[in-house]
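Per-entry structural report
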Amino acid sequence: MTSSLFDFDVPPDRYAVMGNPVTHSKSPQIHLEFARQTGQRMVYEAIQVNDGGFRQAVGNFRAAGGKGLNITLPFKQEAWGLVDERSERAERAGAVNTIMFLETDSIFGDNTDGVGLVRDIVVNQSINITDKRLLILGAGGAVRGILSPLLAENPSEIVIANRTIDKAEALAIEFSVGMSIQGCGFGMLGDRQFDLVINGTAASLQGEQLPLPDGILAGNATCYDMMYGISATPFLDWGQAQGASRLLDGVGMLVEQAAESFNLWRGVRPETVSLIGLLSA
Ligand SMILES: NC(=O)c1ccc[n+]([C@@H]2O[C@H](COP(=O)([O-])OP(=O)(O)OC[C@H]3O[C@@H](n4cnc5c(N)ncnc54)[C@H](OP(=O)(O)O)[C@@H]3O)[C@@H](O)[C@H]2O)c1
């Protein structure tokens, strides 16, 4: 049972985001704003977890009365292995970004990254993905989460490029259902062109530029960096220099994936657009 706004005799329900690094996370601010907006009585904190300490940290949080968690880099795949039950989209993604502790004692895992990204691009930004050529950079947990929802929009083509080429190739084979996805390295993109390029690598987090070739953006192309929190990322700087029509960072995705998690935990969907505007300012 979740506590309501007026249950002053019981402590507020506890939620958190776990990751490493996690100090830059805006999730606490977002969820507390959702709670205020929808009248939910809850607290939400950021918990930094060291390598090898994830399972223990989840167990400790649950033992202390925690109701649910968001999971961020680098633990999404480990979270997938830790949960007892998974949503269909988490099952397919092989990565979990949302955990809910059920009253049956089971741990339920979901993945809201993909639906958050697609909602931000298609609904908030009014960018049509259908029949468009997509390039996805990276092959980690976040990219695993976005592939199925992007495929569901029926793009004409998806290419995955990654620093470790084997990982891009393996992901492309795994997700090639209904259409052929190609996996390759950054240097193999040479003479191709794309309408939408999504950066799902952690390079921007490290302030690093990806070794992308010139001329791969089609006219009217959009560059979307899933990274957020710094005004211009190296990837968006590259996009601007290459003549991209639109440059977007991951704030909208962050708020939308958080809204999906919040809805799962609390059974109410918060309004997102004004918060995206506030965080982007
Ligand atoms: N906006 C949002 O809501 C949202 C949600 C989820 C994730 N994200 C962002 O997405 C990014 C990736 O997260 P993740 O969970 O997928 O991480 P992850 O599982 O650790 O994967 C990291 C990916 O980045 C690549 N990479 C790391 N450093 C690189 C570098 N210096 N140059 C080139 N490639 C590099 C890795 O390539 P290798 O395979 O070669 O190691 C891998 O493909 C992060 O920036 C995260 O903040 C944003």
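Quick note: structure is the one above.
As a starting point, this report considers the structure included with it.

Let us now look at the site of the ligand. The environment of the ligand is made up of 25 residues, and the closest members are A142, N162, T164, K167 and E208. A distance of 2.8 Å is found between an oxygen atom of the ligand and a backbone nitrogen or oxygen belonging to A142. Backbone polar atom of A202 to an oxygen atom of the ligand: 2.9 Å apart, as the coordinates give it. Burial of the ligand by the protein chains amounts to 89% of its free accessible area of 920 Å². In this structure the site holding the ligand corresponds to the largest pocket. Among the elements that make up the shell around the ligand, the one with the highest residue count is helix 9 (residues 251-266) (three residues). By residue class, the composition of the shell around the ligand is 10 nonpolar, 10 polar and five charged.

Tracing the backbone through its elements, the reader meets S27 in helix 1 (residues 27-38). Apart from the residues lying within four places of it in its own chain, the contact partners of S27 are V17, Y44 and L254.

Let us look at the environment of G19. Structurally, the position occupied by G19 is in strand 1 (residues 13-19). Excluding anything up to four places from it in sequence, G19 contacts I47, Q48, V49, T72, L73 and F75.

Moving on, we get to the pairing of strand 7 (residues 133-137). With four of five residues buried, strand 7 is to be regarded as a mostly interior element. In terms of strand pairing, strand 7 meets strand 8 (residues 157-161) through five bridges, oriented parallel. Paired with I136 across the strands is I160, a residue of strand 8. Of the crossover connections in this fold, the one passing from strand 7 over helix 6 (residues 141-151) to the parallel strand 8 is right-handed. Relative to strand 10 (residues 194-199), strand 7 is paired through four bridges, and the arrangement is parallel. Its bridge partner being in strand 10, L134 is matched across the sheet by L196.

Rules behind the numbers
Residues numbered from 1 in each chain as written. Predicted model: local features only at pLDDT ≥ 70, side-chain atom pairs only at ≥ 80, totals over all residues. Heavy atoms only, no water. Near = heavy atom within 4 Å. Polar contact = N/O pair within 3.5 Å; in protein donor to acceptor, adjacent residues only side chain to side chain. Areas by Shrake-Rupley, 256 points an atom, 1.4 Å probe, with all protein chains shown as cover. 1 Å grid on protein atoms, 1.4 Å probe; cavity = no way out; pocket = protein on both sides within 12 Å on 5 of 7 lines; lining within 4 Å. Sits in = over half its atoms within 2 Å of the grid points. Helix = DSSP H or I, 4+ residues; strand = E, 2+ residues; numbered from the N terminus. Nonpolar A, V, L, I, M, F, W, Y, C, P; charged D, E, K, R; others polar. Contact = heavy atoms within 4.5 Å. Buried < 20%, exposed > 50% of the residue type's maximum accessible area, 1.4 Å probe, protein only. Pairing = 2+ DSSP bridges. Right-handed = clockwise from strand over helix to strand, strands pointing away.

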